[in-house]
Structure formats: C-alpha cells, structure tokens
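# Report on the structure
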Amino acid sequence: MNNSRDPRPDLITADQRGCLVQALALEELRTQRKELGDILCELHNTGLVNLASDQNLAAIDALAHNEFWIAVHPLNEAIPHLNCSPREVLALVHMLVNKAGLDGAAGMPNLSLGIWSKNHPEEAGKIIDGIKGLDDLCLAHGVFVVAGVGGAALAFDLIRNTNNSVSAIGLRALGRMERVSVTDIKKGVDDAFGFVERETDPDVRAAAMEAAFRLWEKLGPSEPYRQREFIETIGKKGRANELSLLSAMLFYYEGALPKESIDRVLGMLETLPSNSGATLSNLDHAIKKNDDRWDFKRVVPVFAALIPGLDKKADKRDYHSFASWALSSPQHASYLFAAWLNGGEFGLCSFLVDLLSGGPKGAGVWIQKQHLPPHANDQIFIAHKCVGFLWRHEVAAAAILLSIVKYGQPQAQSAAEKLLFDPLLLSYGGDLRAFLEKQCSNASKRISSCAKRLLSKHDTHIAGLEKARDLVELLPSIDHRRAVAMKDRDRNRDIQKLAHERSIFASLVTHHTLLYGRKSFSIIHGAEGKKHPNISALSEISHSVELPRLMVIDPVGFNARLTFFRAMKRRSA
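Residues numbered from 1 in each chain as written. Predicted model: local features only at pLDDT ≥ 70, side-chain atom pairs only at ≥ 80, totals over all residues. Heavy atoms only, no water.

### Observations concerning the side chain of Ser427
Note on placement: Ser427 falls in helix α24 (residues 410-427). For Ser427, the residues in contact, after removing those within four places along its chain, are Glu546, Leu547, Pro548, Arg549, Leu550 and Phe558. (Helix = DSSP H or I, 4+ residues; strand = E, 2+ residues; numbered from the N terminus. Contact = heavy atoms within 4.5 Å.)

Shown next as structure tokens:
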C-alpha cells in the first residue's frame, strides 16, 4: 500500500480476501488513521465492505494486542455513522469492548455506540425494545444507547420496569444524560434511594449509587439533596464491598458531595471495606488537599484503619496524594506522626518511615503541643517508637524527641534527652550534630539547654574515644573486621539490586559494569549495517551515607534494642 494514493481500493480488496482488519493495522496506513474512520464508514454504507461480518469480527478477535490498538481507532471513528442493523452494530461494539478487556480505553466503542444511537433513533428504538425483552446483547450495551437517545422520560420508564437489570440500565442512563432538569434530577435521586433502601440485588444497588452520585454532581455540592439519608442507608443495609464502591464514587464524581457528606463517607470507610487496597487507592485519587471540603484529620483515620489490612507493605508511591498532603504542612505532619507513633501499630509506623524516605536530607518533624498526649507514659512510648522506627532518619527522630523535651512531662523530657544521646548522638555525628548545634539558639529555653548539654556530653565522649585510639586491646579483631566487610558487601549488593529494580532506564537499555578505566568504547549499529564507534570519557561519581556508629561497634545489641522499641506494645486494660 502507498500512503500517497487513495486507500479505498486496497481496503476493498483486503475485505474480499478476508484480511480487512489486518490491513488496518499495517504500518502503511498508520499515517492515514484520522481519515480511515470516515473512509471505512463510507465503504460500509455503500456496501463495498462489511465491518460487522462474521469474518471481520473473528479477525478482530484474532488480532495481537499491539495490532488491535492500532486497528481499533478507525473502527471506533466509523461506528457513529454506520448504516447497519442494531444487531450488527451491537456485535461490532461487543467484540471491540471484549477484546479491549480491562484497558482504560475499553469503553470507547460504547461511547461511539451512544453517538450512533443519537444519529439513528429509530434503529436505537429496536435496541431499547430488546432491553425490555431482556436480550443479552442489548442489556450489555443498553446504557449507552438509552443515554444517546436521551430523554429522562425514557430512563424513568426503564427504571420502573419490574426487572432489576432493566431498572439498572435506566438508572445508569439517567445519570449519563447531558440534559436533565432539576426536577428530574431529584426524581431520579428519589428512585435511586428507593432501590438502595429495599433491594438486595448488588447490580441494581450499584447502579442506584452511581446514578445518585452522577445526579448530585449535576446539582453541585451546594444542594445535597437527600445525601445524608442515602449514605446512612448504605451504611446500615449495604455490604462491605459497597464501602469500597463509595470510595470510588468520591474519586469519579469529585464535585458531587459537600464537606458534611464527604466526612460521613469517610467515617463509614473506617469500618473496614471489602478491599482495603482498592479503597485506599480510590481515596488517594479523590483527595484534594486545596479543597476545603477535605479534612486531613478525617482522612487519617481511614488510612490508619485500612493500612494494617493490606496484603503487602504500604508504599508511599501508591498513595502520593496522601503523602504529599501529610508533609505539605507542619500541622498535618505533627498530627500524623503523633497519632500513629502513639498508636504503635507496626504497619502504620513503617509507613511513617517510608514517608520520610526520598525527602530532603535533614528534614525534621516537630510535634506540636496540642498533638502530644498529656500523660508521661504515652510521651515515653512515642519516644521509644520514634527511635525504633525512625533511627535511619536521625534528624526527624531528633526533632520529635526535642518536641517531647519542649512540651512533655518531666519524666518524659528526661527519657527523650537520654534517647537523643544514646543511641542517636552516639551513632550519628554528621547531620544530627549540625542540627543540634542550630538548636542551641532555639527560642525555647528547654530545647536550647538540652541541645547544649547533649553537645557537651558528645564532645566529652569523642575526646574519650581519641584517647583510647592507640590502645591495641580495643582494636577490632580480624574476624570482626571480616564480618563487617561481608555485611557491607551484602548491603551494597542489595542496594544496587534495588536501584536497578526502581530505575526507569534499567529495563530500556543494556548495561556493562566497568571496574576501572578512563574511557569506555562501544560500537553503535546504524542504518544499512553501518557501524559507528562511540567513546565516552569516564568520571568518578561518589555517594556517601552515614551509618550508625553503634551498628558497627555493637551490631547485635543495637539491633536488639531497636527491635524491642519497634515491637513493644501497650498494656492491655
């Protein structure tokens, strides 16, 4: 095929040979994809090709994944103006949707079917009759046909059908219609509420929820018509999977609910929906941190309730909106870290560690007075959890401990200061010491005095270490050095492995490891078998990480201490 000439003869020939669909995926026609839809529609309407023939439908089903997504575009573009029977257009749409599977663009043929219905109301009427007659193919795609034909009266006629499958189509179609009067919106919400209140069929209940949210979005959050009783009824009579569906509604229809209704849904999501992962993902996508309707303190309990139930460890990359919202404000960070460290739940405290990973080095998290629990035992518990989980983020841990020094009870102040020195300051002398030096001029007398005492004790400790440097008896043994070297080698190997797994380039290019040298030499294979030498100068790249000194001096004891802090639990009443 030649891009410069009319593709119609080639398409007709391809259809006669039974390879029309395969021809649409050929590279020669890719530059003409914008025109192909109109050309296919013209050829079909004149009888020169038949897009919905059994032969072409089978060919669509046989296409490879990449070829399908090349061919599907012109087919979608052709559907709205096809002159064909309802069964033919439904068969074509059904095949395209099924072949697309779970891809996000799988619904495009249905949208084209809606336009076709608007352009061919008489033919679409036959599909609506098929819906009422419970024809499977008509039921599968009837929502888009009804929405395309339009008219709230048609939707209400289907809603009042005695069959729940037909009623579900009417509900979903009413929500999708572009023009619905305020009176019909409220009428539709009333009908949807009736289904939620009396029906147990999961599909019609889901359709009622979807319709209500779509209609509320048309009204806007300023008019929350029957939202309170609707949401409360779902909480009383719904199942756990409907709570996950509610989180999806928050995401898809972000303009539907006012603050009061969002808070009500968030309160329900704390009661463990059927799918914690899907619920948190939907909620994370729904969060709008610059929207006054969203309250951070109402969102945190939902994450706190669902993270422990996840199948795998929570990763901040999966919950980017929540993570950025939590660290965007000192108030939010203070509330989150105080609440979750005070709770002591392992999964939540581990997520706090992940929140700090990848952030600016030396970032601190200060706990504000109103977020710190009033009792000394609780404050000491937070201090222990802080050291146990955040010991790799020494500056953040120090900021939390200094917050306890500033606002805590005397007993907790003493415990926090001891932990600041041992194990933190005994382990870290770089960024942590620089941080404490800055705190010597802190406006809080408690913090400045504490920082000065800690630095003085640290100076004394370092001076003592210098005096003992020349004592042969204190030097590590050969076995000890060998064990440390092996541990360092294993750690470096794990770091490199993880870096390759997370790299966006590692899977795209080949790589070679050069142990030493000034230049690298490689051959690039170009067009027509030509080879080009590529010489690149090598330069040194270094990266340093401060390891806790106690991990080297006393790895077993230090690890046991941290493990104890992480594992400790509150006494049961």
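### Considerations on the pattern of salt bridges
On inspection of all chains with the given rule, the structure shows 29 salt bridges. Arg226 is the salt-bridge partner of Asp190, the closest N and O atoms lying 2.8 Å from each other. Highlighted residues: Asp190 in helix α12 (residues 182-198) and Arg226 in the loop between α13 (202-219) and α14 (227-237), separated in sequence by 36 residues. Among the charged side chains, a salt-bridge network with shared partners connects Arg172, Asp203, Glu210 and Arg214. (Salt bridge = Lys/Arg side-chain N within 4 Å of Asp/Glu carboxyl O.)

### Remarks on the packing of aromatic side chains
A full pass over the atoms with the stated rule returns 19 aromatic pairs. Chaining the aromatic ring pairs together yields one cluster made of Phe296, Phe303, Tyr319, Phe322, Trp325, Tyr335, Trp340 and Phe351. Over the face of the ring belonging to Phe156 we find Lys187, whose NZ or CZ atom lies 4.5 Å from the ring centre. Above the ring of Phe195, the side-chain terminus of Arg198 is found at 4.7 Å from the ring centroid. (Phe/Tyr/Trp six-rings, centres within 6.5 Å; stacked < 30°, edge-to-face > 60°. Lys NZ or Arg CZ within 6 Å of the ring centre and 35° of its normal.)

### Re helix α29 (residues 555-567)
Count 3.6 residues to each turn of an α-helix, and residues three or four apart come out pointing the same way. Between its first and last C-alpha, α29 extends 18 Å over 13 residues, near the 18 Å set by a 1.5 Å rise per residue. Regarding α29, the residues found buried are Phe558, Leu562 and Phe565. Each buried residue of α29 sits inside an arc of 60° when the element is viewed along its axis, so together they form one side. Of the exposed residues in α29, those oriented more than 90 degrees away from the buried face are Val556 and Phe564. (Expected span 1.5 Å × (residues − 1). Buried < 20%, exposed > 50% of the residue type's maximum accessible area, 1.4 Å probe, protein only. Arc of directions from axis to C-beta.)

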